[in-house]
Amino acid sequence: MSNRIREIRLAHGMTLVEVSQKISQFLGSKISPDLLGKYERGDRKPNFAVMGTLSGIFGVPISYLDGTKTIEDIVKDGAIDELKKKKFYFSAPKDKYGITAAELNNYIDDAFNKPLIQLLLSDKATKEPSLKETTLNDRVETAVHEIVGDVFIHTETDNFSIPGLLSYFYSSVDQLDNEIDLEDLTDITAQQKNNICEIRPEIGSILKNAKKEIINLAKDKNYIYYERDFDRFCFKKRQAK
């Protein structure tokens, strides 16, 4: 696949001379317009330092610039990488809240096709006031973040099922209950510590009651809390006697 250096350079309204001067300025070594032209035509292959500099000049991902990936591939691969970091149980069995690769890809595809993501990655993006000063790199990063959030909430709630929602909210409350640990806060003032100590017991009581209420709600919906697995609080349908 041919690179996109010429296409992107022209889209930025820059000449070979202007780009070669910028590259030379950043690298501290001369890159002539003629050599840059050879890079564009594929007669010569730029090294990683040159590609990284071009990526910075144009604000586009290297793998898009060198033609090895489309923006869609870059965004989806980026989302998968981030999700793997956040959710190690993707490869877990289905009964342990694992999801298949096909399910994961379907969630990502659905999120990718939402209007916000399509706008971020379209030519119309820079015409939006809030996106006018952004680069493609910026918008790719935002798209990955948005897709990860969308997929995360679907998987955390088992696609918004009742037991999945119960587990999600119960786990969220439990996380809040453990959010502030004075032993971990070594760089706070005495006053800040006193402030935490003053309201922490009451907040803890509120959160513990919230967890009890979620369990009561589960019972009302005919679900029971049954185990904690893979750092998740689980609910299942009550079996008829």
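These numbers were taken from a predicted model, which means no experiment stands behind them.

Caption draft 1: Focus on a nonpolar patch on the surface. Residues Ile180, Leu182 and Leu185 make up a contiguous nonpolar surface patch of about 210 Å² in total accessible area. Relative to the helices and strands, leucine 182 is located in the loop between helix H10 (162-177) and helix H11 (190-220). Residue leucine 182 is classed as partly exposed on the basis of its relative accessible area of 31%.

Caption draft 2: The environment of asparagine 159, seen in detail. Along the chain, the position of asparagine 159 falls in the loop between helix H9 (136-156) and H10. Given a relative accessible area of 42%, asparagine 159 falls into the partly exposed group. For the pair asparagine 159 and tyrosine 107, spaced 52 residues apart in the sequence, the C-alpha separation amounts to 9.4 Å.

Caption draft 3: Quick look at the packing of helix H2 (residues 16-27) against helix H3 (residues 33-41). Closest axis-to-axis distance for the H2/H3 pair is 9 Å, and the angle between their directions is 100°. Taken as axis vectors, H2 and H3 run roughly perpendicular relative to one another. For the pair H2 and H3, the contacting residues are Leu16, Val17, Val19, Ser20 and Ile23 in the first and Pro33, Leu36, Gly37 and Glu40 in the second. Within the contact of H2 with H3, the residues separate by chemical class into 6 nonpolar, 2 polar and 1 charged.

Caption draft 4: A look at the nonpolar core. Membership of the largest hydrophobic core comes to 41 residues, with the highest contact counts inside it found for Leu54, Phe58, Val75, Leu121 and Ile147. Per-element accounting of this core gives the leading share, 7 residues, to H9. Excluding anything up to four places from it in sequence, valine 75 contacts Phe112, Leu121, Val140, Ala143, Val144 and Ile147. Judged by nonpolar contacts, the second largest core, of 8 residues, contains Tyr170, Val173, Ala218 and Phe235.

Caption draft 5: Quick peek at the side chain of threonine 157. Along the chain, the position of threonine 157 falls in the loop between H9 and H10. At a separation of 3.4 Å, a polar atom in the side chain of threonine 157 contacts the main-chain carbonyl oxygen of histidine 154. A polar side-chain atom of threonine 157 sits 2.9 Å from the main-chain amide nitrogen of phenylalanine 160.

Caption draft 6: Molecular detail of H2. Relative to the 16 Å expected for 12 residues at 1.5 Å per residue, H2 spans 16 Å between its end C-alpha atoms, a close match to the ideal helical length. Three or more residues of H2 are buried, namely Val19, Ser20, Ile23 and Ser24. Taken end-on, H2 shows its buried residues confined to a sector of 135°, consistent with a single buried face. In H2, the exposed positions that point more than 90 degrees away from the buried face belong to Gln21, Gln25 and Phe26. Check the buried side of H2 and you find it contacts helix H1 (5-11), H3 and helix H4 (48-58). Downstream of H2 by one or two residues, glycine 28 has phi in the positive range, about 80°.

Caption draft 7: Summary view of unusual backbone geometry. Residues other than glycine seldom take positive phi values, yet aspartate 158 does so here, at roughly 50°. Mapped onto the secondary structure, aspartate 158 falls in the loop between H9 and H10. Backbone geometry places phenylalanine 160, a non-glycine residue, at a positive phi of 65°. Along the chain, the position of phenylalanine 160 falls in the loop between H9 and H10.

Caption draft 8: Expanded view of the pattern of salt bridges. The full count for this structure, using the stated rule, is 11 salt bridges. Between glutamate 40 and arginine 9 there is a salt bridge, with its nearest N and O atoms 2.5 Å apart. Note that glutamate 40 is positioned in helix H3 and arginine 9 in helix H1, a separation of 31 residues in sequence. Arginine 9 shares its class with glutamate 40; the two are buried. Between aspartate 150 and lysine 114 there is a salt bridge, with its nearest N and O atoms 2.4 Å apart.

Caption draft 9: The environment of serine 29, seen in detail. Here serine 29 lies in the loop between H2 and H3. Looking at serine 29, the relative accessible area reads 38%, which means it is partly exposed. When the C-alpha atoms of serine 29 and asparagine 106 are compared, they prove to be 46 Å apart, with 77 residues separating the residues in sequence.

Caption draft 10: Main features of H9. Look at H9: 30 Å from first C-alpha to last across 21 residues, which is about the 30 Å you get at 1.5 Å a residue. Listing the buried residues of H9 in full gives Leu136, Arg139, Val140, Ala143, Val144, Ile147, Val148, Asp150, Val151, His154, Thr155 and Glu156. Aspartate 158 lies just past H9 and shows a positive phi near 50°.

The rules behind these values
- Residues numbered from 1 in each chain as written.
- Predicted model: local features only at pLDDT ≥ 70, side-chain atom pairs only at ≥ 80, totals over all residues.
- Heavy atoms only, no water.
- Patch = residues over 30% accessible without salt bridge, like charges linked within 9 Å, V, L, I, M, F, W, Y side chains within 5 Å.
- Areas by Shrake-Rupley, 256 points an atom, 1.4 Å probe, with all protein chains shown as cover.
- Salt bridge = Lys/Arg side-chain N within 4 Å of Asp/Glu carboxyl O.
- Helix = DSSP H or I, 4+ residues; strand = E, 2+ residues; numbered from the N terminus.
- Buried < 20%, exposed > 50% of the residue type's maximum accessible area, 1.4 Å probe, protein only.
- Axes fitted to C-alpha atoms, helices over the stretch in contact; angles between N-to-C directions.
- Parallel < 35°, antiparallel > 145°, perpendicular 65-115°, else oblique.
- Contact = heavy atoms within 4.5 Å.
- Nonpolar A, V, L, I, M, F, W, Y, C, P; charged D, E, K, R; others polar.
- Core = buried A, V, L, I, M, F, W, Y, C linked by side-chain atoms within 4.5 Å.
- Polar contact = N/O pair within 3.5 Å; in protein donor to acceptor, adjacent residues only side chain to side chain.
- Expected span 1.5 Å × (residues − 1).
- Arc of directions from axis to C-beta.

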